[in-house]
Amino acid sequence: MTDGGATLGPDGSLYTCSNGPFTIASMNDKGSNAGRARKYRGSDGALLWEVTLSSACMNFPSISPDGETMILADGANVIFAPTKDLYGQNKSQEEIDEFYAF
């Protein structure tokens, strides 16, 4: 079970973000180590590397043009989104803007 996806890198490799096997019961828990980021060789599909993430991975990875950097928003940003605290509270636009101010 995953909402993750795949991205083609500049060298033809495929980068994926998904959840590991047998993680469906724990993927919503903070610190579940459910997420997996992987890189596969485009020519034959061989797994080149895999990294376990502290939270579920429910996004598409973004790869820099030089292929040196992967950026992803892990599942904690989806499952534990701070915007959930605003839902149904009839906040004004000013209050919402203040919530997002850094």
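Owing to the predicted nature of the structure, the values given are computational and were not obtained by experimental measurement.

J.: Explain unusual backbone geometry here, please?
T.: Across the chain, the bulk of peptide bonds are trans and the bulk of non-glycine residues have phi less than zero. For asparagine 90, which is not glycine, the phi torsion reads 50° and is therefore positive. Considering the arrangement of structural elements, one finds asparagine 90 in the loop between helix 1 (76-79) and helix 2 (93-100).

J.: Honestly, the environment of arginine 36 in this entry has me stumped. Any pointers?
T.: Counting through the fold element by element, arginine 36 comes out in strand 3 (residues 35-40). By relative accessible area, arginine 36 is classed as buried at 13%. As a C-alpha pair, arginine 36 and valine 51 span 15 residues in sequence and 5.6 Å in three-dimensional space. Those residues in contact with arginine 36, other than ones at most four positions away along the chain, are Thr16, Cys17, Ser18, Asn19, Gly20, Glu50, Val51, Thr52, Leu53 and Cys57.

J.: Would you explain the sheet that holds strand 4 (residues 47-53) in this entry?
T.: Through backbone hydrogen bonds, the strands of a sheet pair up, either in parallel or in antiparallel fashion. Pairing within the open sheet is antiparallel, and its four strands lie in the order 1-2-3-4. One side of each edge strand has no neighbouring strand; the edge strands of this open sheet are strand 1 (5-8) and strand 4. Geometrically, the sheet is characterised by an average inter-axis angle of 15° between neighbouring strands, direction not taken into account. Pairing geometry for strand 2 (residues 14-19) and strand 3, over six bridges, is antiparallel. Looking across to strand 3, one finds that tyrosine 15 is bridged to lysine 39.

J.: Where do I start with the side chain of arginine 38 in this structure?
T.: Looking at the element boundaries, arginine 38 is found in strand 3. Under the relative-accessibility criterion, arginine 38 is labelled buried at 12%. Each residue touching arginine 38, except ones within four places of it in the same chain, is listed here: Leu14, Tyr15, Thr16, Ser18, Leu47, Trp49, Glu50 and Met70.

J.: Sorry, what's going on with the pairing of strand 4 here?
T.: The side chains of a regular strand alternate between the sheet's two faces. In this structure, strand 3 lies alongside strand 4, joined through six bridges in antiparallel fashion. Residue pairing for strand 4: alanine 37 is matched across the bridge by valine 51. In sequence, strand 3 turns back onto strand 4 through a hairpin of six residues, with glycine 45 there showing a positive phi of about 80°.

J.: It is not clear to me how the pattern of salt bridges should be interpreted in this structure. Could you clarify?
T.: Side-chain pairing between opposite charges can occur once the charged atoms of the two side chains come close. Under the definition given, this model contains three salt bridges. In this structure, aspartate 11 engages lysine 39 in a salt bridge whose closest nitrogen and oxygen atoms are separated by 3.6 Å. Taken together, the residues span a long stretch of sequence, with aspartate 11 in the loop between strand 1 and strand 2 and lysine 39 in strand 3 at a distance of 28 residues. For lysine 39, a relative accessible area of 14% gives the class buried. Here glutamate 50 ties to arginine 38 by a salt bridge, and the two come within 2.5 Å at their closest N and O atoms. A residue pair is termed long-range when its members are at least 10 positions apart, and glutamate 50 in strand 4 and arginine 38 in strand 3 qualify at twelve residues. Under the relative-accessibility criterion, glutamate 50 is labelled partly exposed at 40%.

Calculation rules
- Residues numbered from 1 in each chain as written.
- Predicted model: local features only at pLDDT ≥ 70, side-chain atom pairs only at ≥ 80, totals over all residues.
- Heavy atoms only, no water.
- Helix = DSSP H or I, 4+ residues; strand = E, 2+ residues; numbered from the N terminus.
- Buried < 20%, exposed > 50% of the residue type's maximum accessible area, 1.4 Å probe, protein only.
- Contact = heavy atoms within 4.5 Å.
- Pairing = 2+ DSSP bridges.
- Axes fitted to C-alpha atoms, helices over the stretch in contact; angles between N-to-C directions.
- Salt bridge = Lys/Arg side-chain N within 4 Å of Asp/Glu carboxyl O.

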